[in-house]
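Given next are the chains, with one letter for each unit.
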Amino acid sequence: QTRVGKRTAAAALKIAIDMEREGLISKEEAVKRVAPAQLDQLLHPQFDKNAKYDVVARGLNASPGAAVGAAVFSAEAAVAAAEAGKKTVLVRWETTPDDLAGMIAAEGILTSHGGKTSHAAVIARGMGAPCVCGVEALKIDAEKKEAAITGTDIVIREGDMISLDGTTGIVVLGAVDLVQPELTGDLDTILEWADEFRTLGVRANADNPEDAQKSREFGAEGIGLCRTEHMFLGDRKQIVADMILAESESEAYETALGKLYDAQQGDYYEMLKAMDGMPVIIRLLDPPLHEFLPSPHELAVKVAVDAVKGNSDPATKRLLAAAENMAEMNPMLGLRGCRLGIVMPGLSAMQVSAIATATARLVKEGFDPKPEVMIPLVSMESELAYVREEAEKAIHEVEERDGVDLSFIEIGTMIELPRAAVTADEIAEKADFFSFGTNDLTQTTFGFSRDDVEGKFFKDYENLGIMKVNPFATVDDGVVKLIDIAVKGGHATNPDIVCGVCGEHGGDPDSIMKFHKVGLDYVSCSPYRVPVARLAAAQAALA
């Protein structure tokens with residue numbers, strides 16, 4: 001009788017490397033014997049395997065690693081606790097850009113709503129923070145600072161110690177002993193061997209210089225996605241809100257654009273400097289408006305309360321009217337992406353000008369910046385042509401002003417809508433590269449709301465055998481067919497077009513296998529998933 005010997009990730013690495021060095025197996029076999037998912041054990045804290053604990057709730061394993069801390073129900077509480085030297089877990093129904101400071105301050109993030117591509121999940125993976133999302137049993141009352149667990153008499157109150165495992169999606173009441181990651185030379189060795197065999201490039205999704213530097217340390221070959229709207233989370237959010245709410249070409253609108261330009265120029269300079277000599281794809285603003293605008297409901301309540309008290313604030317009423325005017329039934333399919341840049345005069349030009357200015361400054365300082373401008377949510381060739389013309393004009397103006405040749409700046413688009421995929425041959429005539437945004441492409445292909453369905457009917461579908469795999473975790477074969485159509489169509493009219501993936505699937509080993517077969521040039525994923533992607537890409541090539 002035989003069975004597979006159970007072993008830790010560190011042991012799996014050591015056994016594979018020792019056997020290769022002893023001549024028992026080849027490098028290829030050694031690379032194939034280490035499961036990419038095991039690398040999470042080497043990059044993130046984990047629950048001690050000898051620890052005993054009771055699981056009180058389960059959700060989605062949104063970001064790997066384990067965390068222990070006191071439960072807090074607001075970003076402000078997390079920040080205050082961190083300043084006092086205390087560890088916390090931020091508990092929210094769903095995180096928003098306003099929660100960024102608290103997300104950074106907390107050890108881990110726990111939400112009762114949202115899926116693997118929700119705000120909490122994406123930000124947590126980028127930071128390397130553990131996160132469990134979509135814990136439907138968790139009924140949170142933020143005002144009372146407590147959360148009840150449905151089906152039990154358990155109530156988690158602010159200050160109670162909790163533990164969560166983002167690798168498995170479990171929540172534990174109380175503190176569980178953690179095992180800290182131990183990076184060894186064996187990891188570097190297996191990844192160096194993997195790089196010898198893989199043909200897919202591996203880039204990272206990063207929105208700040210710190211994440212960019214971490215990406216380089218993990219072996220990323222560039223930035224596949226820099227989300228500019230993530231540069232305006234936290235304190236900067238108000239600048240975007242002011243721009244959206246102001247009348248086009250008004251003094252307030254121009255003032256907001258100017259503030260955006262100043263902030264963006266500095267951001268791009270630092271990002272391109274951190275990735276000197278490597279490509280950096282910068283996506284133009286793509287903010288779903290509800291993430292940046294004040295809530296009409298909350299404003300309406302404030303106006304009503306003020307009226308009862310005999311107070312009247314004209315400014316609040318004007319803000320309410322503006323917010324109601326901009327409100328959308330489905331913001332993820334509304335005024336975002338290239339649509340926002342088209343209807344808001346000067347927005348795209350401002351961003352491209354900031355990119356070009358930062359690039360020119362670095363060139364003069366002797367650096368080798370390689371920015372690439374990505375125009376998001378394009379569905380028609382005419383949209384791309386319109387924004388590209390505006391972008392090229394902005395680049396030429398900076399060239400003339402600063403006396404620097406910037407003709408190397410490429411302009412491409414994000415393929416994240418089915419129409420864009422099936423008309424890629426037309427779109428490719430105006431694009432230097434394609435980057436597949438598989439989060440939105442999955443959402444629009446299925447007609448699913450990625451923020452809702454994972455906690456609603458996915459479990460029923462899985463239990464009934466209707467759906468065997470979460471398509472937001474591992475890319476669906478139907479979505480892969482759209483990518484295949486787009487890659488072939490793009491190369492038919494633009495043989496030199498570069499095609500990559502920047503959705504969260506870029507760090508999933510099973511998805512990487514499919515992307516390799518389609519013939520993509522690279523995948524891009526969160527910084528902490530870069531080692532996983534490097535190993536998975538090698539195994540895809542060896543398969």
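As a convention, each chain's residues are numbered from 1 in the sequence order in which they are written. Two thresholds apply to this predicted model, a pLDDT of at least 70 for residue-level local features and 80 or more for giving and counting side-chain atom pairs, whereas whole-chain, interface and lining totals are computed over all residues. Just so you know, side-chain values use all the structure's heavy atoms and leave hydrogens and water out.

## Some thoughts on the overall build of the protein
In plain terms, the rule: The helix count covers DSSP runs of H or I at least four residues long, the strand count covers runs of E at least two residues long, and both are numbered beginning at the N terminus. Each radius of gyration is computed over the set of C-alpha atoms, and the globule rule expresses the reference value as 2.2 Å times the number of residues to the power 0.38. Computed with a 1.4 Å probe, the accessible areas rest on the Shrake-Rupley method; for each residue, only the protein chains presented here act as cover.
Looking only at helices and strands, the protein has 22 helices and 21 strands in total. Here the protein has a C-alpha radius of gyration of 24 Å; the compact-globule value for 543 residues is 24 Å, and the two agree. Projected onto the principal axes, the alpha-carbon positions of the protein cover approximately 75 × 60 × 50 Å. Carbon and sulfur atoms form 49% of the exposed surface of the protein, whose accessible area is close to 23200 Å².

## Topic: the side chain of arginine 534
This is how it is decided: The buried label goes to any residue with under 20% of its type's maximum accessible area, the exposed label to any with over 50%, and the partly exposed label to all in between, with areas taken from a 1.4 Å probe on protein chains only. A contact between two residues is defined here by any heavy atoms of the two lying within 4.5 Å.
Position of arginine 534 relative to the elements: it lies in helix α22 (residues 530-542). Among the residues examined, arginine 534 registers a relative accessible area of 8% and is labelled buried. Residues contacting arginine 534, with those up to four places away along its chain left out, are Leu191, Glu192, Ala194, Asp195, Arg198, Val202, Phe218 and Gly219.

## Re empty space enclosed by the protein
One water molecule sets the probe size; rolling that probe over the atoms shows where empty space is left. Defined as follows: Using a 1 Å grid laid over the protein atoms alone, points where a 1.4 Å probe fits but cannot get out form a cavity; open sets with protein on both sides within 12 Å along at least 5 of 7 lines form a pocket; any residue with an atom within 4 Å of a point counts as lining. Grid points are joined across faces, edges and corners, and a volume is the space filled by probe spheres set on the points. Put simply, Ala, Val, Leu, Ile, Met, Phe, Trp, Tyr, Cys and Pro go in the nonpolar bin, Asp, Glu, Lys and Arg in the charged bin, and everything else, Gly too, in the polar bin.
Scanning the model with the defined rule gives two cavities of 30 Å³ or more in all. Looking at the largest cavity, its volume works out to about 50 Å³. Leu284, Leu285, Gly337, Cys338, Gly341, Leu347, Ser348, Gln351, Ile375, Pro376 and Val387 are the residues that line the largest cavity. Where the lining of the largest cavity is concerned, the elements lending two or more residues are α13 (338-343) and α14 (347-364). The element contributing the most residues to the lining of the largest cavity is α14, with three residues. Looking at the lining of the largest cavity residue by residue, the classes come out as seven nonpolar, four polar and no charged. Here the second largest cavity is characterised by a volume of approximately 40 Å³. Forming the walls of the second largest cavity are His44, Ser63, Pro64, Arg125, Gly128, Ser526, Tyr528 and Arg529.

## Regarding a nonpolar patch on the surface
Stated precisely, the cut-off is as follows: A patch consists of residues exposed above 30% relative accessible area that lack any salt bridge, with like charges linked at up to 9 Å and nonpolar side chains (Val, Leu, Ile, Met, Phe, Trp, Tyr) linked at up to 5 Å. In what follows, salt bridge is the name for a side-chain nitrogen of Lys or Arg lying within 4 Å of a carboxyl oxygen of Asp or Glu.
Side chains of Tyr461, Leu464 and Ile466 sit close together on the surface and give an oily, nonpolar patch of about 320 Å² of accessible area. Here tyrosine 461 lies in helix α19 (residues 458-464).

## Examining unusual backbone geometry
Positive phi is not limited to glycine here, since lysine 145 has a value of about 60°. Here lysine 145 shows up in the loop between β8 (138-141) and β9 (146-149). With phi around 55°, leucine 377 is a residue other than glycine that occupies positive phi space. Summarising the element assignment, leucine 377 is placed in the loop between β17 (370-375) and α15 (381-402). Look at leucine 377 and you get buried, because its relative accessible area is 2%.

## Here we look at the sheet that holds strand β7 (residues 131-133)
Rule in force here: Pairing between two strands is assigned when DSSP locates at least 2 bridges connecting them. The convention used is that axes are lines fitted to C-alpha atoms, helices contributing only their stretch in contact, and that angles between N-to-C directions extend from 0 to 180 degrees.
The eight strands are arranged β2-β12-β11-β4-β5-β6-β7-β3 in an open sheet whose pairing can be described as mixed. Either end of the sheet is taken by a strand with one partner, and the two such strands are β2 (55-58) and β3 (60-63). Across the sheet, the mean angle separating the axes of adjacent strands is 30° when strand polarity is ignored. Note: β2 against strand β12 (residues 170-173), three bridges, orientation antiparallel.

## Notes on helix α21 (residues 509-518)
Put simply, the rule reads: This arc corresponds to the set of directions leading from the helix axis out to the C-beta atoms.
Along α21, the residues classified as buried are Ser511, Ile512, Phe515 and Val518. The arc that holds every buried residue of α21, seen down its axis, measures 115°, which confines them to one face. Counted as exposed and oriented over 90 degrees from the buried face of α21: Asp510 and Lys517. Those residues of α21 hidden inside the fold are in contact with α18 (438-446), α20 (477-493), β20 (498-501), β21 (522-525) and α22. Directly beyond the C-terminal end of α21, a positive phi value near 95° is found at glycine 519.

## A closer look at the pairing of β21
Neither face of β21 is open: one carries Tyr522 and Ser524, the other Val523 and Cys525, and all of them are buried. Judged from the four bridges that link them, strand β14 (residues 201-205) and β21 form a sheet pairing that is parallel. Note that in β21 the partner of alanine 204 across the bridge is cysteine 525. Where β20 lies against β21, two bridges are found, and the strand directions are parallel.

## A few points about the packing of aromatic side chains
The cut-off we apply is this: Aromatic pairing here means that ring centres of Phe, Tyr or Trp (its six-membered ring) are within 6.5 Å. Orientation follows from the plane angle: under 30 degrees is stacked, over 60 is edge-to-face, and everything else is tilted. The criterion is that NZ of a Lys, or CZ of an Arg, lies within 6 Å of the ring centre and within 35 degrees of the ring normal, and then a charge sits over that ring.
Scanning all chains against the criterion turns up four aromatic pairs. Ring centres of phenylalanine 434 and phenylalanine 436 lie 6.4 Å apart, and the angle between their planes is 75°; on these two criteria the pair is classed as edge-to-face. A relative accessible area of 0% means that phenylalanine 434 is categorised as buried. Taking relative accessible area as the criterion, phenylalanine 436 reaches 0% and is therefore assigned buried. Relative to phenylalanine 448, the ring of phenylalanine 446 has its centre 4.8 Å away and its plane inclined at 10°; by these criteria the two rings are stacked. The ring of tyrosine 522 has arginine 203 sitting right over it, with the charged end atom 4.0 Å from the ring centre.

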